[in-house]
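Notes for the structure review
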Amino acid sequence: MTPFREIRTSRLADETGTLYKQADLAVALCYPSPYHVGMSSLGFQSIYHALHTLPGSTAERAFLPDNVAEARRLSEGLCTYESGRPVGDFPVVAFSLASELELAGVVTCLDLAAIPALAAERAAHARTFPLVVLGGPLTFSNPVPVGPFADIIVMGEAEELLPILVNSLREQPDRESMLHDLAQREGFYVPSLHGETPPPTSIAKDNSLPAYSQITTPHTELAGMFLIEAERGCSRGCAYCVMRRSAGRGMRPVAPERLLSLIPAEARRVGLVGAAVTDHPALAEILRALVDAGRAVGVSSLRADRLDHELVGLLARGGYRTMTTAADGASQRLRDQVDRHTRVEDLRRAARLCREHGMALLKLYVLIGLPGETAADIDELARLALDLAALAPKLSLTVSPFVSKRNTPLDHQPFEEIASLDHKLALLRRQLRGRVHLGGDAPKWGWVEYRLAQGGFAEGLAAAQAARAGGSFAAWKRALGG
Ligand code: SF4
């Protein structure tokens, strides 16, 4: 037995809800990060469920191996979990992408599946290779760098696009006709025809909501948790965020009775997912119903200005030990400048509530490197962190560099020099040492994300080069010419 076979067998045995179906159109549904990340993605799970529900189509899952180097050393091809069939044998290979850095994972998966990564190479080849379809949250910001690898990119929310895609795949006589057919329809980006100008994203009708877990497994960060969308989108306007006022539709809450009716009786842990769950007008009612039934709860996004005794008390009863929220800008001046508007008093109240309800940790997300940030803003952040650390049981700051994204008011803003961001982090570390835990990705990875977030086909091709050269920062720097 190879290691993948062993891993696959034991993970399948631990899953609840795995689907098996034979159909004309079989899709290898790949996640370009390892299993424990992919299985936490509600979007990935809901596409899996939808492909099984549509007439004439089915899906089997595959993931980036946990240890790519080992998979290469053992010459393990990429195979699906459900049947162990090689991904390269499927007529369609689909990927869900959440972030820019996962582009390297797409190339690695295609290489391991022995599928030419470039769409042009696949089209020019005498042998027929699978059609490669991409989609996922990344399409809301900038999908252009993945263009060279994709035959089709599904733009935005896929619920209503998926039946159109499946019909076209089943009914068009050949690949060329199918690409031309889809390129004319709303929500489909065909890079070989549209070039570097993608069409707008599609937004699903409200009655398509909510997405929810098909499979639960103990092998994710949210072990054994049933995930369900409490709302989609956000009504707020943070200038750096691609979800801001979500394509003019704002937040779309799911009615409590509908949401609660979809949770299986056996689900003991329930995660409410969405960009702004604490803005749901009936969140307390939903949480109360869950915790009164003896279930543990998780909420994907806590806004500090929404936290009060009732809400935090319910979260504590639902098993919460770590309260996670975001300040984002380093100072009030910057938070106001980017329309984040979180107040110091909101954060202080969150820290106090965290202690009063017996939680162990307050985790706070912060952005550094916003336009116009100075040393004074970093000093203000250090003072705020020390203040919160005195109020909360324990404080952990997760600091990320600001990366400007397409389709936001801060699009095209430059990325601060890596050395300058490293210097700011060193200043923070010195002031907080021993009192606040400081975490987050190194700024150099923010620079890679920035180049891809603002890039086009050339940056996508550079990502392939970097992935094949081992994926170290030096490899990315060489490939991107930084
Ligand atoms: S950062 Fe959060 S609150 Fe602000 S627009 Fe984005 S999802 Fe909404």
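To be clear, the structure that these remarks concern was listed above.
The rules behind each value
- Residues numbered from 1 in each chain as written.
- Predicted model: local features only at pLDDT ≥ 70, side-chain atom pairs only at ≥ 80, totals over all residues.
- Helix = DSSP H or I, 4+ residues; strand = E, 2+ residues; numbered from the N terminus.
- Rg over C-alpha atoms; globule rule 2.2 N^0.38 Å.
- Buried ≥ 20, exposed ≤ 12 C-beta atoms within 10 Å, placed from the backbone.
- Contact = placed C-beta atoms within 7 Å.
- Pairing = 2+ DSSP bridges.
- Right-handed = clockwise from strand over helix to strand, strands pointing away.
- Near = placed C-beta within 6 Å.
- Nonpolar A, V, L, I, M, F, W, Y, C, P; charged D, E, K, R; others polar.
- Axes fitted to C-alpha atoms, helices over the stretch in contact; angles between N-to-C directions.
- Parallel < 35°, antiparallel > 145°, perpendicular 65-115°, else oblique.
- Left-handed = near helix turned anticlockwise from the far one by under 90°.

On to the overall build of the protein. For the protein, the helix and strand inventory stands at 19 helices and 15 strands. Taking 23 Å as the expected radius of gyration for a compact globule of 482 residues, we find that the protein reaches 23 Å, a close match to that expectation. Considering only C-alpha atoms, the protein reaches an extent of 65 × 55 × 45 Å along its principal axes. The buried share among the 482 residues of the protein stands at 46%. Taking contacts inside the protein between residues at least 6 apart in sequence as the whole, the part at least 24 apart equals 73%.

With that settled, the discussion passes to the pairing of strand 11 (residues 296–299). Two strands pair when backbone bridges link them, and strand 10 (residues 269–273) and strand 11 are joined in this way by four bridges, in the parallel orientation. Each bridged residue has a counterpart across the sheet, and for Val-270 the counterpart in strand 11 is Val-297. In this fold, the crossover linking strand 10 to strand 11 by way of helix 11 (residues 283–292) has right-handed handedness.

Bringing the site of the ligand into the picture now. Every residue near the ligand is listed here: Cys-234, Arg-236, Cys-238, Cys-241, Met-243, Arg-244, Ala-275 and Ala-276. Here the residues of the shell around the ligand sort into six nonpolar, no polar and two charged.

With their axes 9 Å apart at the nearest point, helix 16 (residues 418–432) and helix 17 (residues 443–453) run at an angle of 140° to one another. By the angle between their axes, helix 16 is oblique relative to helix 17. The chirality of how helix 16 crosses helix 17 is right-handed. When helix 16 is examined against helix 17, the residues Ile-418, Leu-421 and Asp-422 are found in contact with a partner set consisting of Pro-443, Lys-444 and Trp-447. Among the residues making up the contact of helix 16 with helix 17, the classes are represented as four nonpolar, no polar and two charged.

Note that every value here comes from positions in space, so none of it alone points to a role or purpose.
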